[in-house]
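# An overview of the molecular structure
What follows is the residue order along each chain.
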Amino acid sequence: MLDAMTDHDWELFSRGMIDIARTNVKEAVAKIRVDKTHVNVLDLGGSNGLYSIELCKRNPKLKATIVDLPPVKKYADECIRQHNASGKVSFLPADFMKDELPGGMDIILAFNIIHGLNPSENEALARKAYQSLNEGGRYVILDQVKGIGGKS
């Protein structure tokens, strides 16, 4: 499905994800407990990066890396620029399901992605996240779509 998306489709998708994030970004980020020792955040499928941007704004020691597919980079760059977050938030073009995740993470965000994965894919992603986390790190999941489930 993602392979068949046109530039126009990616723009519609990305603008929709920006709108979704704007509805709850402050509330969602306020619920994430950040320890004094935390510095590295990985935002899986983070699209526009608004959650990472807000998390870094509230916790100045944090730096975040958005991991998402290359077509959404331009929308992440746009949001990062609009929020003056280029020194704190970066974009890594990758497929979080297929590519290796960077290690040494203190917090991993999986926001608005698990509904598109089936149970075995979610289990595999959780294992990958666990392997990327520092001891005592957090894997934080948020999803607003209930009961859809990915296709096998």
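Here helix α1 (residues 7-30) crosses helix α3 (residues 73-82) at 40 degrees, and the two axes come no closer than 10 Å. In terms of their interaxial angle, α1 and α3 are classed as oblique. Along its contact with α1, which presents D7, W10, E11, S14, R15, I18 and R22, the element α3 presents Y75, E78, C79 and Q82. Of the residues contributing to the contact of α1 with α3, the split by class is 4 nonpolar, 2 polar and 5 charged.

Turning to the nonpolar core, a few remarks are in order. If you look at the biggest cluster of nonpolar residues, it comprises 30 residues, and the most contacted ones within it are Y51, V89 and L109. Of all the secondary-structure elements, those providing two or more residues to this core are α1, α2 (50-58), β2 (63-68), α3, β3 (89-93), β4 (105-111) and β5 (133-142). No other element matches α1, which puts 6 residues into this core. Listed in part, the 14 residues of the second largest apolar core include V67, A94, M105 and I113.

Turning our eyes to something else, we now look at the pairing of β2. Across the 6 residues of β2, 5 count as buried, placing the element largely inside the fold. Pairing geometry for strand β1 (residues 40-44) and β2, over 5 bridges, is parallel. Across the sheet, residue V41 finds its bridge partner in β2, namely A64. Chirality of the crossover, the property in question, places the unit of β1, α2 and β2 among those that are right-handed. Of the strand pairs in this sheet, β2 and β3 are connected by 5 bridges, and their pairing is parallel. Paired with D68 across the two strands is P93, which belongs to β3.

Let us look at the pattern of salt bridges. Enumeration over the complete set of coordinates arrives at 9 salt bridges. R127 is paired through a salt bridge with E123; the nearest N and O atoms lie 2.8 Å apart. Of this pair, R127 and E123 are both found in helix α4 (residues 119-132), 4 residues apart, which corresponds to roughly one turn of the helix. Exposure remark for R127: the relative accessible area of 46% places this residue in the partly exposed category.

Helix length check: α1, at 24 residues, gives a terminal C-alpha distance of 33 Å against a target of 34 Å (1.5 Å per residue), a fit within 8%. Along α1, the sharpest change in direction is near 60 degrees and occurs at N24. Looking at the buried residues of α1, the elements they touch are α2, α3 and β5.

Okay, the confidence of the model for the protein chain next. Summarising the model, the protein chain shows a mean pLDDT of 91, and 93% of its residues fall at 70 or more. When pLDDT is averaged over each element of the protein chain, β1 comes out on top at 98 and α1 at the bottom at 86.

For S47, which is not a glycine, the phi torsion comes out positive at approximately 50 degrees. Note that S47 resides in the loop between β1 and α2. S47 gets classed as buried once you look at its relative accessible area, which sits at 3%. For N112, which is not glycine, the phi torsion reads 60 degrees and is therefore positive. Considering the arrangement of structural elements, one finds N112 in the loop between β4 and α4.

Conventions we followed
Throughout this document, residue positions are counted from 1 along each chain, in the order its sequence is written. At least 70 in pLDDT is required for a residue's local features to be given in this predicted model, at least 80 for side-chain atom pairs to be given and counted, and no such filter applies to totals for whole chains, interfaces and linings, which use all residues. Hydrogens and water molecules were not included; the side-chain quantities draw on all heavy atoms of the structure. Interaxial angles span 0 to 180 degrees and are taken between N-to-C directions of axes, which are lines fitted to C-alpha atoms, for helices over the stretch in contact. Elements are defined by DSSP. Helices are runs of H or I of four residues or more, strands are runs of E of two residues or more, and each kind is numbered from the N terminus. Orientation categories follow fixed angle ranges, with anything under 35 degrees roughly parallel, anything over 145 roughly antiparallel, 65 to 115 roughly perpendicular, and all other angles oblique. Contacts are assigned to residue pairs that have any heavy atoms within 4.5 Å of one another. The residue classification treats Ala, Val, Leu, Ile, Met, Phe, Trp, Tyr, Cys and Pro as nonpolar and Asp, Glu, Lys and Arg as charged. All others, Gly included, are polar. Buried residues of nine kinds, namely Ala, Val, Leu, Ile, Met, Phe, Trp, Tyr and Cys, make up a nonpolar core once their side-chain atoms join them within 4.5 Å. Exposure classes here rest on a 1.4 Å probe applied to the protein chains alone. A residue is buried below 20% of its type maximum, exposed above 50%, and partly exposed in between. Criterion used throughout: strands pair if DSSP finds at least two bridges between them. Consider the strands pointing away from the viewer: the crossover is right-handed when the path from the first strand over the helix to the second runs clockwise. A pair is scored as a salt bridge if a Lys or Arg side-chain nitrogen falls within 4 Å of a carboxyl oxygen belonging to Asp or Glu. One fewer than the residue count of a helix, multiplied by 1.5 Å, yields its expected span. Fitting axes to the seven residues that end at a residue and to the seven that start at it, the angle between those axes gives the bend at that residue. Every residue is assigned a pLDDT by the predictor, reflecting its confidence on a scale from 0 to 100.

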